[in-house]
Amino acid sequence: MKGKDEFYTVRGYKMINAEKKLLTTSMEDYLEMIYRICKKEDYVRMNQLAKNLNVRPSSATKIVQKLRDLGMVDYEKYGVIQLTEEGERLGKFLLERHNIIEEFLKIIGTEATRLRDTEIMEHGVSISTLRNISILNKFLLVNPDIMEQFIRFKADCNKSMDCL
Ligand code: FE2
């Protein structure tokens, strides 16, 4: 299962690079949200999607139509939105990317602005940086002693004026 996930992740990276940012930032947000919902419920209705993204249904419709034109979703007017195979693969990657960045920010101790920062950082991060962050997350998870050292070091930094 892990190998399969990694395969999808690498495919996701390649897809994004190969398509030279064919998806705009907001299209990425929509696809990530459609994937989040469809993972549990198989399909999503426009009103529900708009509500989850805090946008008007008319705005959501425009973006979903663009995703449909790119072959990422199936959507008939007034119908339900479902992911195509390609959409599901890219959506899975976008959610993984979100989770890697969010986990990293959690590790370094970002609390109040964690979600907002994740939403900004995820769209600009390169494949190699994302991979490096993912490795660092895993490294710290399997080395709690080093994580402890970091937390102590950070507390000292916050007490002194040496750090930013
Ligand atoms: Fe996100």
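Up top you'll find the structure we're talking about.
Here goes a summary of the coordinates provided. (Residues numbered from 1 in each chain as written. Predicted model: local features only at pLDDT ≥ 70, side-chain atom pairs only at ≥ 80, totals over all residues. Heavy atoms only, no water.)

In this fold, Thr118 is placed in helix H6 (residues 114-121). For Thr118, a relative accessible area of 0% puts it in the buried group. Filtering out sequence-adjacent residues up to four positions away, Thr118 remains in contact with His98, Ile101, Glu102 and Leu105. (Helix = DSSP H or I, 4+ residues; strand = E, 2+ residues; numbered from the N terminus. Buried < 20%, exposed > 50% of the residue type's maximum accessible area, 1.4 Å probe, protein only. Contact = heavy atoms within 4.5 Å.)

With that settled, consider the coordination of the iron ion. Bound to the iron ion are the protein donor atoms Glu32 (OE), Glu32 (OE), His98 (ND1), Glu119 (OE), Glu122 (OE) and Glu122 (OE), situated 2.3 to 2.8 Å from the metal. Note that the iron ion binds 6 donor atoms; their angles at the metal cover 51 to 159°, and the shape is irregular. Mapped onto the polypeptide sequence, the residues donating to the iron ion form the spacing pattern E-x65-H-x20-E-x2-E. One end of the pair, His98, is in helix H5 (residues 85-107); the other, Glu122, is in the loop between H6 and helix H7 (127-142), and 24 residues separate them in sequence. Side by side, His98 and Glu122 carry an identical accessibility label, which is buried. (Donors = N, O, S within 2.8 Å, 3.2 Å for Na, K, Ca; no water. Tetrahedral: all angles 85-135°; square planar, octahedral: opposite > 155°, others 65-115°.)

Applying the stated criterion to the full structure yields 6 salt bridges. Here Arg89 makes a salt bridge to Glu86, at a shortest N to O gap of 2.3 Å. Separated by 3 residues within a single helix, Arg89 and Glu86 lie in helix H5, roughly one turn from each other. The exposure class assigned to Arg89 is buried, which follows from its relative accessible area of 15%. (Salt bridge = Lys/Arg side-chain N within 4 Å of Asp/Glu carboxyl O.)

Any functional reading would require information that these geometric values do not contain.
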